Amino acid sequence: MKAGRARLVAGNWKMHGSLAANQRLLVALKGSLKPVSGLDYAICAPFPYLAQLSDTLAGSGIVWGAQTISEHDVGAYTGEVSGPMIREFGCRYAIVGHSERRQLYGEGDAAVAAKFMAAQRNGLTPILCVGETLEQRERGDTEAVVGRQLDAVLNLAGVAALRSAVLAYEPVWAIGTGKTASAAQAQAVHQFLRERVAKQDGEIAAGLTLLYGGSVKPGNAVELFAQPDVDGGLIGGAALVAEDFVAICKAAESLA
Ligand code: PGA
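Residues numbered from 1 in each chain as written. Predicted model: local features only at pLDDT ≥ 70, side-chain atom pairs only at ≥ 80, totals over all residues. Heavy atoms only, no water.

### What about the layout of surface pockets?
What counts, and what does not: Cavity means a closed set of points on a 1 Å grid over the protein atoms alone, one where a 1.4 Å probe fits but cannot get out, pocket means an open set with protein on both sides within 12 Å along at least 5 of 7 lines, and lining means a residue has an atom within 4 Å of a point. Grid points are joined across faces, edges and corners, and a volume is the space filled by probe spheres set on the points. Numbered from the N terminus, helices here are DSSP runs of H or I no shorter than four residues, and strands are runs of E no shorter than two. Polar here means any residue outside two lists: the nonpolar Ala, Val, Leu, Ile, Met, Phe, Trp, Tyr, Cys and Pro, and the charged Asp, Glu, Lys and Arg; Gly therefore counts as polar.
In this structure, the largest pocket spans a volume of roughly 500 Å³. Together, 19 residues line the largest pocket, and Met15, Gln67, Thr68, Arg101 and Tyr105 are the ones closest to its centre. No other element matches the three residues that helix H4 (residues 99-104) contributes to the lining of the largest pocket. In terms of residue class, the lining of the largest pocket is made up of eight nonpolar, six polar and five charged.

### A look at the packing of helix H5 (residues 109-121) against helix H7 (residues 142-157)
Quick reminder of the rule: Every axis in this analysis is a line fitted to C-alpha atoms, fitted for helices over the stretch in contact. Angles between the N-to-C directions lie between 0 and 180 degrees. When describing relative orientation, an angle under 35 degrees is termed roughly parallel and one over 145 degrees roughly antiparallel, while 65 to 115 degrees is termed roughly perpendicular and anything else oblique. By definition, turning the near helix anticlockwise from the far helix through less than a right angle yields a left-handed crossing, and turning it clockwise yields a right-handed one. Two residues qualify as a contact provided that any one of their heavy atoms is within 4.5 Å of a heavy atom in the partner residue.
The contact between H5 and H7 brings their axes to 9 Å, and the two run at 50°. Considered as vectors, H5 and H7 are oriented oblique to each other. Two packed elements cross with a definite hand, and for H5 against H7 that hand is right-handed. Of the residues in H7, those touching H5 at Asp109, Ala113, Ala114, Phe116 and Met117 are Arg148, Gln149, Ala152, Val153, Leu156 and Ala157.

### So, the pairing of strand E2 (residues 39-44)
Under the convention used in this document: Categorising residues by exposure relies on relative accessible area from a 1.4 Å probe, with only protein chains included: less than 20% of the type maximum marks a residue as buried, more than 50% marks it as exposed, and the intermediate range marks it as partly exposed. One requirement defines pairing of two strands: DSSP has to find at least two bridges between them. Handedness of a crossover is defined as follows: with both strands directed away from the viewer, a clockwise route from the first strand across the helix to the second makes it right-handed.
Across the six residues that make up E2, a large majority, five, are buried. Bridge analysis of strand E1 (residues 7-12) against E2 gives six bridges, and the strand direction is parallel. The residue bridging glycine 11 from the neighbouring strand is isoleucine 43, located in E2. Tracing the backbone out of E1, into helix H1 (residues 19-32) and back to the parallel element E2 gives a crossover that is right-handed. Crossover handedness for the path E2 to helix H2 (residues 50-57) to strand E3 (residues 62-66): right-handed.

### Examining the site of the ligand
Spelled out, the test is: The near set for a molecule or strand comprises every residue that places at least one heavy atom within 4 Å of it.
Taken together, 13 residues lie near the ligand, and Lys14, His98, Glu170, Gly176 and Ser215 sit nearest. Considering only residue class, the shell around the ligand consists of four nonpolar, seven polar and two charged.

### Remarks on the pattern of salt bridges
Counted only if it meets this: Only one rule defines a salt bridge in this text: a Lys or Arg side-chain nitrogen within 4 Å of an Asp or Glu carboxyl oxygen.
Considering all chains together, one arrives at 17 salt bridges under this definition. Across the pair glutamate 100 and lysine 14 runs a salt bridge whose closest N-O atoms are separated by 2.8 Å. Taken as a pair, glutamate 100 in helix H4 and lysine 14 in the loop between E1 and H1 lie far apart in primary sequence, 86 residues in all. Glutamate 253 is the salt-bridge partner of lysine 250, the closest N and O atoms lying 3.9 Å from each other. Taken together, the positions of lysine 250 and glutamate 253, both in helix H11 (residues 242-254) and three residues apart, correspond to about one turn of that helix.

Put into structure tokens, the structure is as follows:
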């Protein structure tokens, strides 16, 4: 564990799964992953499967969460799912601000910050995603973009809110593309993010769990996770294949 920080490997199933396929995957994960102190394993699944996760994973040492959350707790918001509902299924985490939500569903910084607050208000740990597009990286805007995305949450929630949150750097150009950020590229942005938080509170920055996401695979996980400011990963495609997800978790374990 780096500098005493909690670490996390979280699977993001996105809109994949079926009751039968999930069951096979979850049983395989349960059989292979044992609790490790200071390192959490989590699965973030589509809403209809949260009951299945709760039934199958309870007591296993693998925790679970949702992939988004409404900024409201109750009311006339057709199609939305609220924090209190998610909480009833025993979720630990809620992803907020994933780039697919930002890009495909028009979630802006203000909406993401409101969702972050909704997660915390309901006892869920938000996994706040930030990341730049390829165009933004090539223009040299990476730090400006991720800094703005982080600031939107810091401004609304305050730096103390990061005591019970996880931050995930997910370069948009690396998500689902097979193009992983190099370990040095990931480390550079992680360091930038940690330093930005440290400007407001050094102790909170030092304890903040920072994940890398974007084409993490068994073959690159060790190098990425070994970086000084990388505390684990948010795993998309490879989280759908039991042996790949287990291998990535074992990579994190090996660095404990
Ligand atoms: P990927 O997705 O691992 O398939 O690139 C990561 C994510 O979107 O969280």
